[in-house]
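Each chain, letter by letter, is given below.
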Amino acid sequence: MVLECNNLCKRIGKKQILNNITFNINEGEIMGFIGPNGAGKTTTIKLILGLQSITSGQVKINGYDIKRNFEKAIYKVGSIVENPDFYMYLSGYDNLKLSANLYKKEDKIDENRVNEVIKLVGLENRIHDKVSKYSLGMRQRLGIAQAILHRPNLLILDEPTNGLDPEGIKDLRILLSKLAKEEKIAILISSHNLAEIENTCTKITIIKNGEIIESTSIENAKKIDQKTIYEIEVDDTSKIPEITGNSADIMNKNIFKINMEKEEIADLVEKMVKQNIRVYKISEDTTSLEDAFLKKTGGNKIV
Ligand SMILES: Nc1ncnc2c1ncn2[C@@H]1O[C@H](COP(=O)(O)OP(=O)(O)OP(=O)(O)O)[C@@H](O)[C@H]1O
Ligand SMILES: [Mg+2]
């Protein structure tokens, strides 16, 4: 296991910021860490990186405890928390060379490795331009290049899609999948927008109010996703809450919405007919993974 977080808790003053955060990430896995503003994503990441003290619980990276064995634990980690810092008046290449020089000689971050990461992130055509001339997406790529120079096997990115346009987000997704595959890196990527990253991730952990409300493989997540929201038009919705066990959203006197599988809909129609409800129309509204999760966890919009 590359990263293990066991029952992480964080309290600042009287405020409980994180409560029993537990998850792990293996080689080549990409975990999407999803939650609304203030959920505790950045705090969790800071605890993992040893940037904030852990109130209780444990972080292990490649088997090393971050508290007891900080240097060994952090050795194979690359991260971008908040915006990466660069020398704007230098080229991307010179920035990478400077970073490479910060590592010990035996880590062998030579010219070849610098050129290798430049290729990996697809910056070869612009690498000799000054960073001040880079777009946000190019800076993001340079940040990732810098973070993976020393061949980490764990890469942690806090909201890397912030400010990127759809094209930039797509490029980032492709790059991360490539890193997970080709360099076997375990990746933790936080975001407040599940839709942006769901296709890249192999697993998803959702955090809200400092607690994990869902942690699942993408296959399982997709199963939830297969449920469909149906919009159903009837003559009178007043008996619907009773018939559906309060699982429907009553829109008005004639329309309600419900999240169900196909077979369940057939059963529901039968029940409605037995109750003398006139069913006029059933239409499908395929829902995104995020909606499906929110349904399952009782709402509260993640924005
Ligand atoms: N130093 C601090 N003192 C007190 N409260 C803090 C401190 N740092 C963070 N918090 C609180 O902890 C909670 C979690 O914050 P955190 O930054 O981890 O959320 P986040 O999920 O990263 O949110 P965002 O999507 O906005 O980046 C918030 O309620 C925040 O106000
Ligand atoms: Mg944050």
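Quick notes on the rules
Residues numbered from 1 in each chain as written. Chains lettered and ligands numbered in written order. Predicted model: local features only at pLDDT ≥ 70, side-chain atom pairs only at ≥ 80, totals over all residues. pLDDT = per-residue confidence, 0-100. Contact = placed C-beta atoms within 7 Å. Axes fitted to C-alpha atoms, helices over the stretch in contact; angles between N-to-C directions. Helix = DSSP H or I, 4+ residues; strand = E, 2+ residues; numbered from the N terminus. Parallel < 35°, antiparallel > 145°, perpendicular 65-115°, else oblique. Left-handed = near helix turned anticlockwise from the far one by under 90°. Nonpolar A, V, L, I, M, F, W, Y, C, P; charged D, E, K, R; others polar. Buried ≥ 20, exposed ≤ 12 C-beta atoms within 10 Å, placed from the backbone. Pairing = 2+ DSSP bridges.

Quick look at the confidence of the model for the protein
On average, residues of the protein score 89 in pLDDT, and 92% of them are at 70 or above. Scored below 50 in pLDDT, residues 299-303 shows twelve contacts in the model against residues more than four places distant or in partner chains.

Some details on the packing of helix 3 (residues 92-101) against helix 5 (residues 136-148)
Where helix 3 meets helix 5, the closest approach of the two axes is 10 Å, and the angle between their N-to-C directions is 25°. Taken together, the axes of helix 3 and helix 5 lie roughly parallel to each other. You can see that helix 3 and helix 5 cross each other, and the crossing is right-handed. Of helix 5, the residues touching helix 3 (which contributes Gly-92, Asn-95, Leu-96 and Ser-99) are Leu-142, Ala-145 and Gln-146.

Digging into the packing of helix 5 against helix 6 (residues 166-182)
Across the interface, helix 5 lies against helix 6 with an axial gap of 10 Å and an inter-helix angle of 15°. The orientation of helix 5 with respect to helix 6, classified from their angle, is roughly parallel. The handedness of the crossing between helix 5 and helix 6 comes out as right-handed. Judged by residue contacts, Leu-136, Gly-137, Gln-140, Ile-144 and Ile-148 of helix 5 engage Gly-168, Asp-171, Leu-172, Leu-175 and Leu-179 from helix 6. Of the residues in the contact of helix 5 with helix 6, the class split is six nonpolar, three polar and one charged.

Some points on helix 1 (residues 41-48)
Of all eight residues in helix 1, six are buried; the element is thus mostly enclosed. Of all the positions in helix 1, only Lys-41, Thr-43, Thr-44, Ile-45, Leu-47 and Ile-48 are classed as buried. Among the residues trailing helix 1, Gly-50 stands out with phi positive, at a value near 70°.

Focus: the sheet that holds strand 5 (residues 64-65)
If you walk across this open sheet you meet the four strands as 2-1-4-5, and the pairing is antiparallel. Each edge of the open sheet is held by one strand with a lone partner, namely strand 2 (15-25) and strand 5. Here five bridges tie strand 1 (residues 3-12) to strand 4 (residues 56-61), and the two strands are oriented antiparallel to one another. When the sheet's bridge partners are listed, Cys-9 is paired in strand 4 with Ser-56. Contacting strand 1, strand 2 and strand 4, helix 1 crosses the sheet at an angle of about 115° to strand 1.

Describing the sheet that holds strand 10 (residues 211-217)
Taking strand neighbours across the sheet as the criterion, the six strands line up as 6-7-8-3-9-10 in an open arrangement whose pairing is mixed. Only two strands of the sheet have a single neighbouring strand rather than two, namely strand 6 (77-80) and strand 10. Each strand axis lies, on average, 15° off the axis of its neighbour in the sheet, ignoring direction. Direction of pairing for strand 3 (residues 30-34) relative to strand 9 (residues 203-208): parallel, over a ladder of four bridges. Each residue of the ladder has a partner; that of Ile-34, found in strand 9, is Ile-206. Running over the sheet, helix 5 touches strand 6 and strand 7 (154-158) and is turned about 160° from strand 6.

Things to note about unusual backbone geometry
Excluding glycine, a negative phi dihedral is what most residues carry, and trans is how most peptide bonds are arranged. Positive phi, normally seen in glycine, also occurs at Asn-62, with a value near 50°. Judged by local crowding, Asn-62 falls into the partly exposed class, with 19 C-beta atoms found within 10 Å. Residue Lys-184 is not a glycine yet carries a positive backbone phi of 55°. Among the secondary structure elements, Lys-184 is positioned in the loop between helix 6 and strand 8 (186-191).

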